[in-house]
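# Observations on chain architecture
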Amino acid sequence: MQLVDRYQRKFEYLRLSITDECNFKCNYCLPDGYQRTHQKQFLSENEIKNLINAFAELGTSKVRITGGEPSLRKDFTNIITQISNTEGISKVATTTNGFSLSKHANEWFDAGLDSINVSIDSLDANTFNLITGKNIFHKVMEGVEACSEAGFKQIKINSVLMKGLNDHDLTTFLAWIKDQPIQLRFIELMQTGDNQAFFKQYHLSGQTIKTTLLKQNWISKDRRINDGPAEVFTHPDYLGEIGLIMPYSKDFCNNCNRLRVSALGKLHLCLFGEEGVDLRHLLQNCEDKQELKELVVASLQEKKSSHFLDLGLTGATPHLASIGG
Ligand code: SAM
Ligand code: SF4
């Protein structure tokens, strides 16, 4: 059994959300902060173990732990250790808002974390505060520093550039990576169920950023089949590189190589798909592994060719914190 869909796309990459809670209030994601409406039971370490074992046997080699803010979980380090010790998993990554990075970078590295994406939407402390609702820009930057010191070879910075809010930061961002081997990933703002008005006001097309980069002699790297959705740019004068994630560009979904499981154990075939397939009843016992694998493989055959975001469809996703961006 292998994770291949009807369009011959191969899925070796799993994004696992371990909580949908977050302590930031990013204006494009959770502008009013996380709302705890009722007590939720997020996947336990045992459920995660059974899930990852099954996915590894189906050919998954890379797992990204995300959320919400994954590092809010007290057992985050244990989860990293467990996933990185799973046979077949060669790469464990995480995406974090960086609030506790300066304290934990070493510990996570020692636990087996291979690569880390830190979300930083501005290099200006005031703008950072304006976007995230957290006045801790300098602490997050200390965290990035701590990652290099801890030994992380791959540090990526995620940034959502928005019209009139932080698009002027592009120049500062570029200057920053001149002498640093960091990959800056500009993620085009996506419309979700909850941010429609915000999206209309602030959406900046990734194509606009691409045009600016090309004018400044950045070179688009050839894409390989398993590269995933980012278009990567390099420049002979810069140590760092740029990854552009342009979900609205034509053919974006052709390179899709990832599946998602939410913190409540639902398989999401697409960030913008519908409800999700419940796997949780098959995560309680390792004896259910075969049935779990069969359910995942069968569900994958329903994956659509595209997210159809350009038609204004957002599926069942109110915001990306809900299923792990
Ligand atoms: N809390 C962590 C963080 O912010 O890094 C992990 C979860 S967050 C949902 C993952 C990534 O999704 C972040 O880089 C964030 O900027 C991005 N994101 C969230 N909502 C988005 C949206 N509507 N459009 C584009 N990117 C978004
Ligand atoms: Fe939290 Fe990440 Fe969403 Fe910001 S983007 S509110 S840090 S989940």
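One structure accompanies this document, and this report is about it. Quantities reported herein were computed from a predicted structural model and do not represent experimental measurements.

### Description of empty space enclosed by the protein
Evaluation of the coordinates by the stated rule reveals one cavity of 30 Å³ or more. Space inside the largest cavity adds up to approximately 30 Å³. As for the largest cavity, its lining consists of N50, L282, N285, C286, K289 and L292. Residue classes in the lining of the largest cavity are distributed as three nonpolar, two polar and one charged.

### Focus on the pattern of salt bridges
This structure, assessed with the given rule, holds ten salt bridges. Put simply, R36 and E21 hold a salt bridge, and the shortest N to O gap is 2.9 Å. With R36 in the loop between β1 (13-17) and α1 (45-57) and E21 in the loop between β1 and α1, this pair connects stretches of sequence that are 15 residues apart. When the shortest N-O distance is used, the salt bridge between E231 and K210 registers 3.1 Å. Of this pair, E231 sits in strand β8 (residues 231-234) while K210 sits in helix α8 (residues 206-215), placing them 21 residues apart in sequence. On the basis of relative accessibility, which here comes to 10%, the residue E231 falls in the buried class. Three or more residues joined by partner-sharing salt bridges are found here, namely E57, K289 and K293.

### With respect to the nonpolar core
Proteins that are soluble and globular tend to have nonpolar side chains buried together. Core analysis: the biggest nonpolar cluster contains 96 residues, and L16 and I83 have the highest contact counts within it. Aside from chain neighbours lying at most four places away, what touches I83 is L16, I48, I52, V63, I65, I89 and V92.

### Remarks on the packing of aromatic side chains
One pass over the structure, following the stated rule, counts eight aromatic pairs. Ring centres 5.8 Å apart and planes at 75 degrees place the aromatic pair F173 and F186 in the edge-to-face group. Highlighted residues: F173 in helix α6 (residues 170-176) and F186 in strand β6 (residues 183-187), separated in sequence by 13 residues. Each member of the pair F173 and F186 is classed as buried. Through a chain of ring-to-ring contacts, three or more aromatic side chains come together here, namely F24, F128 and F137. For K178, the ring lying beneath its charged end belongs to Y238, and the centroid distance is 5.2 Å.

### Let's talk about the site of ligand 1
In the vicinity of ligand 1, 19 residues are found, and the nearest of them are Y28, G68, S119, N158 and M190. The side chain of Y28 places a nitrogen or oxygen atom 2.9 Å from an oxygen atom of ligand 1. Between a nitrogen atom of ligand 1 and a main-chain N or O atom of G68, the distance comes to 3.0 Å. Here ligand 1 has 540 Å² of accessible area as a free molecule, and 96% of this is covered by the chains. Per-class residue counts for the shell around ligand 1 are seven nonpolar, ten polar and two charged.

How each quantity is defined
Residues numbered from 1 in each chain as written. Chains lettered and ligands numbered in written order. Predicted model: local features only at pLDDT ≥ 70, side-chain atom pairs only at ≥ 80, totals over all residues. Heavy atoms only, no water. 1 Å grid on protein atoms, 1.4 Å probe; cavity = no way out; pocket = protein on both sides within 12 Å on 5 of 7 lines; lining within 4 Å. Points joined across faces, edges and corners; volume = space filled by probe spheres on them. Nonpolar A, V, L, I, M, F, W, Y, C, P; charged D, E, K, R; others polar. Salt bridge = Lys/Arg side-chain N within 4 Å of Asp/Glu carboxyl O. Helix = DSSP H or I, 4+ residues; strand = E, 2+ residues; numbered from the N terminus. Buried < 20%, exposed > 50% of the residue type's maximum accessible area, 1.4 Å probe, protein only. Core = buried A, V, L, I, M, F, W, Y, C linked by side-chain atoms within 4.5 Å. Contact = heavy atoms within 4.5 Å. Phe/Tyr/Trp six-rings, centres within 6.5 Å; stacked < 30°, edge-to-face > 60°. Lys NZ or Arg CZ within 6 Å of the ring centre and 35° of its normal. Near = heavy atom within 4 Å. Polar contact = N/O pair within 3.5 Å; in protein donor to acceptor, adjacent residues only side chain to side chain. Areas by Shrake-Rupley, 256 points an atom, 1.4 Å probe, with all protein chains shown as cover.

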